Amino acid sequence: MLSVEEKIICLRSASSLAKLADDQLKILAGICAERSFLQGETIFRQGEAGGALYIVLEGKVAIEREIQKQTDSVSIMLAKPFDSLGEMSLFYDAPNSVTATAMKDTQTLLIKNDDFIAYAKQFPEMLVELCQVLSKRLFEAYDKISEVTQNHKPRELRKLYDKL
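Residues numbered from 1 in each chain as written. Predicted model: local features only at pLDDT ≥ 70, side-chain atom pairs only at ≥ 80, totals over all residues. Heavy atoms only, no water.

Enquirer: What is the right way to look at the state of the cysteines in this model?
Expert: Disulfide: a covalent bond formed between the sulfur atoms of two cysteine residues. Taken as a whole and assessed by the stated rule, the structure comprises zero disulfides. Residue Cys 10 stays outside any disulfide, its sulfur separated by 9.3 Å from that of Cys 32, the closest cysteine. Judged by relative accessible area, which is 14%, Cys 10 ranks as buried. (Disulfide = S-S within 2.5 Å. Buried < 20%, exposed > 50% of the residue type's maximum accessible area, 1.4 Å probe, protein only.)

Below you can see the structure in the form of structure tokens.
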């Protein structure tokens, strides 16, 4: 189990939280829970309720979007230590849009939605950093869509887009 000081060091290493002040990180560390996943274990599944932010401390996590009635998937990203996952579910009350799977034994810090919202109300400047992370991910998703659909005809492209 990590001490508060160790959690602070880990949180500071996460790019979306690096600019927070020490007192802000200390409060955030107090609401973090640790969660470990074995290789191959699902962290969260597309279509299920979200509601948590995960920060990878150790391991690797594959982020995939299932397509074609869950018979195929597109790799969105590979999360490595100090990357965050699940940010969208903090702001948008909808099911997870992707599946996250531990590619090797993985340790995370977990911040539940309700705790995060209370924290964000206390320190709203942190939201700017998180919006930058989400914007970057959106651009990466657009690039991935372009990559996947390069060889599709316009009608097939439209069908694929509608599925996303």
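Enquirer: When you look at the sheet that holds strand β4 (residues 61-67) in this model, what are you seeing that I'm missing?
Expert: Paired through backbone hydrogen bonds, the strands of a sheet run either parallel or antiparallel to each other. Read from one edge to the other, the open sheet built from four strands follows the order β2-β7-β4-β5, with strand pairing classed as antiparallel. Of all the strands in the sheet, just β2 (42-44) and β5 (72-79) have a single pairing partner and so form its edges. Along the sheet, successive strands turn relative to each other by an average axial angle of 30°, direction set aside. Sheet analysis places β4 next to β5, joined by seven bridges and oriented antiparallel. The residue bridging Arg 65 from the neighbouring strand is Val 74, located in β5. (Pairing = 2+ DSSP bridges. Helix = DSSP H or I, 4+ residues; strand = E, 2+ residues; numbered from the N terminus. Axes fitted to C-alpha atoms, helices over the stretch in contact; angles between N-to-C directions.)

Enquirer: Just checking my understanding: could you explain the packing of helix α2 (residues 22-31) against helix α4 (residues 113-122) for this structure?
Expert: Direction vectors running N to C along α2 and α4 enclose 165°, while the axes themselves pass 10 Å from each other. Comparing their axes, α4 and α2 come out roughly antiparallel. The chirality of how α2 crosses α4 is right-handed. In this structure, α2 contributes Gln 24, Leu 25, Ile 27, Leu 28 and Ile 31 to the contact, and α4 contributes Asp 115, Phe 116, Tyr 119 and Gln 122. Within the contact of α2 with α4, the residues separate by chemical class into six nonpolar, two polar and one charged. (Parallel < 35°, antiparallel > 145°, perpendicular 65-115°, else oblique. Left-handed = near helix turned anticlockwise from the far one by under 90°. Contact = heavy atoms within 4.5 Å. Nonpolar A, V, L, I, M, F, W, Y, C, P; charged D, E, K, R; others polar.)

Enquirer: Help me understand the packing of aromatic side chains in this model?
Expert: The geometry of two aromatic rings is summed up by the distance between their centres and the angle between their planes. Applying the stated criterion to the full structure yields three aromatic pairs. Consider the rings of Phe 37 and Tyr 54, whose centres lie 6.2 Å apart with planes at 65°: the pair is edge-to-face. Within this pair, whereas Phe 37 is found in strand β1 (residues 33-37), its partner Tyr 54 is found in strand β3 (residues 52-58), the two being separated by 17 residues in sequence. Under the relative-accessibility criterion, Phe 37 is labelled buried at 2%. Look at Tyr 54 and you get buried, because its relative accessible area is 9%. Of the aromatic side chains, those joined through ring pairs into one cluster are Phe 37, Phe 44 and Tyr 54. (Phe/Tyr/Trp six-rings, centres within 6.5 Å; stacked < 30°, edge-to-face > 60°.)

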